[in-house]
Amino acid sequence: MSRERYPLEAARTLREQELEAAQAELAQRTAALAEAEAGVERAAAAVEAHRRETAAVAEQEARRDALGRSAAEMLGARDYLRRRRAEEDGLRDRVHEAEA
């Protein structure tokens, strides 16, 4: 009788080991997914903060333009805003990469 029980016990033990391994892998993948989602959220928040800062600078520069200033100052401000928008595009690309 003991010879008949051994294969059953071995099967149970193997099933328990496989279940534990699967649960450990699931926990690891779940943690990796959570970390990736947090990275996407951080990147999206950086884009939004950058966008708000750029909008504030654009508004400030528009007020300065309305008060009157030299063409060189206006062109310098325009170039700065163009660079800020290019930076924002780069940040958005990072968000898309993080989402992938």
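Above this note sits the structure.
Counting from 1, residues in each chain are numbered in the order their sequence is written. Owing to the predicted nature of the model, reporting of local features is limited to residues with pLDDT of at least 70; listing and counting of side-chain atom pairs is limited to 80 or more, with chain, interface and lining totals taken over all residues. With hydrogens and water stripped out, all remaining heavy atoms of the structure feed into the side-chain values.

Caption draft 1: Seen up close, the pattern of salt bridges. The salt bridge definition used is simple: a Lys or Arg side-chain nitrogen within 4 Å of an Asp or Glu carboxyl oxygen. Across all of its chains, the model carries 11 salt bridges by this definition. One salt bridge in this structure joins Asp79 and Arg82, with 2.9 Å as the shortest N-O distance. Taken together, the residues span about one helical turn, with Asp79 and Arg82 both in helix H2 (residues 71–99) at a distance of three residues. With its nearest N and O atoms 3.9 Å apart, the salt bridge here joins Glu87 to Arg84. Taken as a pair, Glu87 and Arg84 lie in helix H2 at a separation of three residues, close to a single helical turn. A single salt-bridge network, built from bridges that share partners, covers Glu61, Arg64, Asp65 and Arg69. Only runs of H or I of at least four residues qualify as helices and only runs of E of at least two qualify as strands under DSSP, and these elements are numbered from the N terminus.

Caption draft 2: Broad picture of the environment of Ala36. Take Ala36: it is sitting in helix H1 (residues 2–67). Burial status follows relative accessibility: with a 1.4 Å probe on protein chains alone, a residue under 20% of its type maximum counts as buried, one over 50% as exposed, and anything between as partly exposed. What makes Ala36 partly exposed here is its relative accessible area of 38%. Separated by 40 residues in sequence, Ala36 and Gly76 have C-alpha atoms that sit 39 Å apart.

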